[in-house]
Amino acid sequence: MARTAGRAGLWVWGILAAAALAQVLALLTIPSWRCAGLIAVGVLGSALTVALLVAMVAGPIAAVASLRESGAWLGLRSVGVRGRALLGSAALWACALGGSALLSGHVLEPLARAQLRTARVEAAVGLRLYEGRATVVGPWALTDDGGVVRFAGALGEDMAVGAADSVQLEPSRSGLAVTLGAGEAHAASGAWALTYDGLSTTLNVGGAASAGRVDIAERSSFDLWERVQAGRLNPYERWIWWKRTAIPCILLIVAALGLPLGARVGPGIGAGALGTVFWALLRVSDAVAQSQGAGWALATLFVPTVVAVAIGWATWRDR
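Colleague: I'd love a proper account of the overall build of the protein chain, names of residues and values included.
Modeller: When its secondary structure is counted, the protein chain shows 8 helices and 9 strands. A fraction of 65% describes how many contacts in the protein chain between residues 6 or more apart in sequence connect residues 24 or more apart. Per element, the accessible surface of the protein chain, about 15900 Å² overall, is 64% carbon and sulfur. Measuring between centres, the 25 positive side-chain charges of the protein chain sit 20 Å from its 19 negative side-chain charges.

Below, the structure is given as structure tokens:
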């Protein structure tokens, strides 16, 4: 389990971290090695929970598939060993990684996401404009054109192009406060144009859906629980709090399905199929949480999982 599923978890961790890093680099120019290190720690921490969960479920599948493909399982069956004899080892593996995933999901991942947001804002604040070269800041690109700051990017719901005699960048929660000196701006579509003595706006360079708002994924579970008690969370945000505990616990049951599944198919196919189905079920539960609340969303995950495990074990001849 550790050899095969550990490699799978490391691959997932690396791929997710690389994807998150690519998103950061698409929106920002990194000004220093220190900031690059902070962003690297942030993207690795934000991807850790998913990697642990993948390894947790892939372990039992890979173990039984390996025994079956090598012929060892046939030998064990010939001396009376049955599939349920593997439940203890699979449970130990799943509980160890599930506990780590709980810790990561409740504490480490929110901290990593918050640090990533802070590093993004720090990177944006520390940027310098160079003449003749565009500098990316969130959804904007700015350049120094002989002492005149020229910019292009989102301004409200429109794409805007403009110029100003100065620019000042300051941190602002999950966003970046941009203050432009006197200048002009116009919509790229030509729908409007304006001149101004000063213009202030907030750009989103963090993970929040909108600038100036801390994303729910960056809040620790302790913070979310306080907000639940105070009634300040909507049904979907309450589901985020529940989901941090529910997913590792439900995947403990899914890990039990890995034993009969690994006895039938290869580890790659089994883990891939199981992951795809669970991911689709998770997306459905997210939609249910928005309309029906966390209780129904939890049932959407739990009931099909229990039914699938029951069918898997009932149809496994070697159980």
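Still to come is the rest of the account.
Colleague: Describe the sheet that holds strand β4 (residues 158-164), and please don't skip the residues or the numbers.
Modeller: Taken in spatial order, the 6 strands line up as β1-β2-β3-β4-β7-β8 in an open sheet, and their pairing is antiparallel. Only two strands of the sheet have a single partner each, and these edge strands are β1 (135-137) and β8 (193-196). Averaged over all adjacent pairs, the angle separating strand axes in this sheet is 20°, with direction ignored. Summarising the sheet, strand β2 (residues 140-145) and strand β3 (residues 148-155) pair through 6 bridges and their orientation is antiparallel. By the bridge assignment for β3, Ala141 is matched with Ala152.

Colleague: So what about the pairing of β4? Which residues, and what values?
Modeller: Both β3 and β4 contribute to a ladder of 7 bridges, which runs antiparallel. Its bridge partner lying in β4, Val149 is registered against Ala164. Of the strand pairs in this sheet, β4 and strand β7 (residues 183-187) are connected by 5 bridges, and their pairing is antiparallel. By the bridge assignment for β7, Val161 is matched with His186.

Colleague: Before we move on, can you summarise the pattern of salt bridges with the specific residues and values?
Modeller: Counted according to the given criterion, the structure contains 7 salt bridges. Salt-bridge contacts for Arg68 lead to Glu69; the nearest nitrogen and oxygen are separated by 4.0 Å. Between Asp286 and Arg283 there is a salt bridge, with its nearest N and O atoms 2.6 Å apart. With Asp286 and Arg283 both in helix α7 (residues 267-292) and 3 residues apart, this pair spans about one turn of that helix. Here Asp286 falls in the buried class, since its relative accessible area comes to 8%.

Scoring rules and cut-offs
- Residues numbered from 1 in each chain as written.
- Predicted model: local features only at pLDDT ≥ 70, side-chain atom pairs only at ≥ 80, totals over all residues.
- Heavy atoms only, no water.
- Helix = DSSP H or I, 4+ residues; strand = E, 2+ residues; numbered from the N terminus.
- Contact = heavy atoms within 4.5 Å.
- Areas by Shrake-Rupley, 256 points an atom, 1.4 Å probe, with all protein chains shown as cover.
- Lys, Arg positive; Asp, Glu negative; His and termini not counted.
- Charge placed at Lys NZ, Arg CZ, Asp CG, Glu CD.
- Pairing = 2+ DSSP bridges.
- Axes fitted to C-alpha atoms, helices over the stretch in contact; angles between N-to-C directions.
- Salt bridge = Lys/Arg side-chain N within 4 Å of Asp/Glu carboxyl O.
- Buried < 20%, exposed > 50% of the residue type's maximum accessible area, 1.4 Å probe, protein only.

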